[in-house]
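The chain contents come next:
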Amino acid sequence: MNAMLETPELPAVFDGVKLAAVAAVLYVIVRCLNLKSPTAPPDLIYQDTALSRFLLKSCPLLTKEYIPPMIWGKSGHIQTALYGKMGRVRSPHPYGLRKYLTMSDGATATFDLFEPLAEHCIREDVTMVICPGIANHSEKQYIRTFVDYAQKNGYRCAVLNHLGALPNIELTSPRMFTYGCTWEFGAMVNYIKKTFPQTQLVVVGFSLGGNIVCKYLGETQANQERVLCCVSVCQGYSALRAQETFMQWDQCRRFYNFLMADNMKKIILSHRQVLFGDSVKQPQALVDSDLSRLYTATSLMQIDDTVMRKFHGYSSLKEYYEKESCLHYLPRIYVPLMLVNAADDPLVHDSLLSIPKALSEKRENVMFVLPLHGGHLGFFEGAVLFPEPLTWMDKLVVQYTNAICQWERNKSQCSDTEQAASGQE
């Protein structure tokens, strides 16, 4: 009799289990997709100057909420994965001319040149010199999307192809791009300055490219001549500090490290006939034992220690990271500088963000922009599920550079008016 009375309660128990399972799944989804995270304007750190006030007035994106796609856009991992896998949505195909420059060591640097498609807002000749992320080039979708948008806003664009990154361009010397070598970028800038003597420059770097462009500008004051401003997006500022965080599983950085190392291995091995061999002559030639260690490498640090540092004769990995990072060059940049990172970037540890924060608190020319979301070079926008072709990052960079161009024009006009007034006196 008691057994008969207990039997009807079993379905209720099972329903409770199902409900708990559904609740657990929903909880995991909410946590993984970070759905409870609010949308907000980016955090800004800057000095209160006439320029910063003008920028805040002229760049609505600096004070407006960045709203990513509702379902997945608040997850830095998904933003990063979508950038890494598909780059952008419905990416355009801008037409450019490929230029080849022979370096002093026999290397052949290449870059693609794209002419403006509209008149610039200040009706001046302005060229964006762009340095892509690690192992990237002008054919990457995020670069194509940005270039197309910049062209339509009146900018000429020159995009560096990292040495060894293009699959159809063979190396002509036993050297590839490295974390902070500025030789190829400098050669491209010099070509632009010589070919277009009236043009002014806007310097833009993405991820590793941000490190390169900041280091280039800080290496010598002459590199900042004719430069209106610089924008760096999603860089890590110090490879020496970053190497420890890249070996941690927090935010899956160790997994990202493995994926990037695997991609770097493929690129290096595609050039092994030029990079490895007895005929190679460089400060520390790569040998067969280096090739063996490369095959077994599972992190960027191992690859950097085995191969990359030797391209420039560094005696240790520590020396390579110290000398190739832009950290010590940032205080030497005097042109307007905007540093952009995302708070949920899984590749850039929170501790590294203290570098741009401290710099922007001390330097009047620096503005640090930190949105809550965006991942690593994602910054997708959209209503619910599907992202828009143009990202928040693309719009911000062009909006900022437009404002800087207008600022410089206003200064020039004020100066001309003052000179005219003094001449009449």
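Residues numbered from 1 in each chain as written. Predicted model: local features only at pLDDT ≥ 70, side-chain atom pairs only at ≥ 80, totals over all residues. Heavy atoms only, no water.

- In the nomenclature of an unreviewed UniProt entry, the protein chain is known as Monoacylglycerol lipase ABHD2 of Mauremys mutica.
- You can read under Sequence similarities (unreviewed entry) in the UniProt record for the protein chain the words "Belongs to the AB hydrolase superfamily. AB hydrolase 4 family." (UniProt positions renumbered as here; feature names shortened; annotations may be inferred.)

Focus on the overall build of the protein chain
And step 1. The secondary structure content of the protein chain amounts to 15 helices and 9 strands.
And step 2. Across the 425 residues of the protein chain, 53% fall into the buried class.
And step 3. Counted over contacts in the protein chain with a minimum sequence separation of 6, partners at least 24 positions apart contribute 79%. (Helix = DSSP H or I, 4+ residues; strand = E, 2+ residues; numbered from the N terminus. Buried < 20%, exposed > 50% of the residue type's maximum accessible area, 1.4 Å probe, protein only. Contact = heavy atoms within 4.5 Å.)

What to know about the side chain of Thr-401
And step 1. Mapping Thr-401 onto the fold places it in helix H15 (residues 392-424).
And step 2. The exposure class assigned to Thr-401 is buried, which follows from its relative accessible area of 0%.
And step 3. A polar contact is formed between the side chain of Thr-401 and the backbone oxygen of Val-397, at a distance of 3.0 Å.
And step 4. Side-chain polar atoms of Thr-401 contact the backbone oxygen of Val-398, separated by 3.0 Å.
And step 5. Excluding anything up to four places from it in sequence, Thr-401 contacts Met-128, Tyr-155, Val-202, Cys-229 and Val-231. (Polar contact = N/O pair within 3.5 Å; in protein donor to acceptor, adjacent residues only side chain to side chain.)

Points about the packing of helix H9 (residues 253-270) against helix H11 (residues 288-296)
And step 1. Here H9 crosses H11 at 150°, and the two axes come no closer than 10 Å. Taken together, H9 and H11 sit at an angle that is classed as roughly antiparallel. For H9 against H11, the interelement crossing comes out left-handed. In this structure, H9 contributes Lys-265, Ile-268 and Leu-269 to the contact, and H11 contributes Leu-291, Leu-294 and Tyr-295.
And step 2. Taken together, the residues of the contact of H9 with H11 sort by class into 5 nonpolar, no polar and 1 charged. (Axes fitted to C-alpha atoms, helices over the stretch in contact; angles between N-to-C directions. Parallel < 35°, antiparallel > 145°, perpendicular 65-115°, else oblique. Left-handed = near helix turned anticlockwise from the far one by under 90°. Nonpolar A, V, L, I, M, F, W, Y, C, P; charged D, E, K, R; others polar.)

What about unusual backbone geometry?
And step 1. The backbone of Ala-135 sits at a positive phi, close to 60°, despite the residue not being glycine.
And step 2. Along the chain, Ala-135 turns up in the loop between strand E4 (126-131) and helix H5 (141-152).
And step 3. Judged by relative accessible area, Ala-135 falls into the buried class, the value being 6%.
And step 4. Look at Leu-377: it is not a glycine, yet its phi comes out positive at around 60°.
And step 5. Considering the arrangement of structural elements, one finds Leu-377 in the loop between strand E9 (366-370) and H15.

Section: the UniProt feature "active site" (unreviewed entry) in the protein chain
And step 1. UniProt's entry tags Ser-207, Asp-345 and His-376 with the feature "active site" (unreviewed entry), counted in the numbering of this structure. These annotated residues cover 170 residues of sequence, but their C-alpha atoms sit close together, with the largest distance between any two at 11.1 Å.
And step 2. Looking at the secondary structure, you find Ser-207 in the loop between strand E6 (200-206) and helix H7 (208-219).
And step 3. With residues near it in sequence (within four places) discarded, Ser-207 still touches Gly-133, Val-233, Cys-234, Gln-235, His-376 and Leu-377.
And step 4. By secondary structure assignment, the location of Asp-345 is in the loop between strand E8 (337-340) and helix H14 (354-362).
And step 5. A residue is classified by how much of its surface remains accessible, and Asp-345, at 3% relative accessible area, is buried.
And step 6. Those residues in contact with Asp-345 that lie beyond four places of it in its chain are Cys-234, Gly-375 and His-376.

Quick notes on the side chain of Gln-224
And step 1. Position of Gln-224 relative to the elements: it lies in the loop between H7 and strand E7 (227-233).
And step 2. For Gln-224, a relative accessible area of 7% corresponds to the buried category.
And step 3. With sequence-adjacent residues up to four places away left out, Gln-224 is seen in contact with Leu-217, Arg-332, Ile-333, Tyr-334 and Val-335.

A short note on the packing of aromatic side chains
And step 1. This model, assessed by the stated rule, comprises 13 aromatic pairs.
And step 2. Residues Trp-72 and Phe-380 carry aromatic rings whose centres are separated by 5.9 Å and whose planes lie at 70° to one another, so their mutual orientation is edge-to-face. With a gap of 308 residues between them, Trp-72 in the loop between helix H3 (50-58) and helix H4 (76-86) and Phe-380 in the loop between E9 and H15 connect regions that are remote in the sequence. The pair Trp-72 / Phe-380 is uniform in exposure class, with both members buried.
And step 3. Above the plane of the ring of Phe-380 lies Arg-88, whose end atom (NZ or CZ) is 5.1 Å from the centre.
And step 4. Directly above the ring of Phe-196 sits Arg-156, whose terminal nitrogen or CZ lies 3.8 Å from the centroid. (Phe/Tyr/Trp six-rings, centres within 6.5 Å; stacked < 30°, edge-to-face > 60°. Lys NZ or Arg CZ within 6 Å of the ring centre and 35° of its normal.)

A few points about the packing of helix H6 (residues 183-195) against H7
And step 1. Where H6 meets H7, the closest approach of the two axes is 10 Å, and the angle between their N-to-C directions is 65°. Our classification of the angle between H6 and H7 gives roughly perpendicular. H6 and H7 meet at a crossing whose hand is right-handed. Where H6 approaches H7, its residues Phe-185, Gly-186, Val-189 and Asn-190 are matched on the opposing element by Ile-212, Val-213 and Tyr-216.
And step 2. Tallied by class, the residues present in the contact of H6 with H7 amount to 5 nonpolar, 2 polar and no charged.

Some words on the sheet that holds E6
And step 1. Spatially, E1-E9-E8-E7-E6-E4-E5-E3-E2 is the arrangement adopted by the 9 strands of the open sheet, whose pairing is mixed. If you trace the sheet from one side to the other, it starts and ends with strand E1 (43-45) and strand E2 (97-102), each paired once. Strand-to-strand twist of the sheet, defined as the mean angle between neighbouring strand axes without regard to direction, takes the value 20°.
And step 2. In this sheet, E6 lies alongside E4 in parallel orientation, the contact comprising 6 bridges. Among the inter-strand pairings, Cys-131 is bridged to a residue of E6, identified as Gly-205.
And step 3. Contacts from H14 reach E1, E8 and E9, with the element oriented near 140° to E9. (Pairing = 2+ DSSP bridges.)

Description of a nonpolar patch on the surface
And step 1. Judged by side-chain polarity, Met-70, Ile-71, Val-384, Leu-385 and Phe-386 come together as a nonpolar surface patch covering roughly 490 Å² of accessible area.
And step 2. If you trace the backbone, Val-384 turns up in the loop between E9 and H15. (Patch = residues over 30% accessible without salt bridge, like charges linked within 9 Å, V, L, I, M, F, W, Y side chains within 5 Å. Areas by Shrake-Rupley, 256 points an atom, 1.4 Å probe, with all protein chains shown as cover. Salt bridge = Lys/Arg side-chain N within 4 Å of Asp/Glu carboxyl O.)

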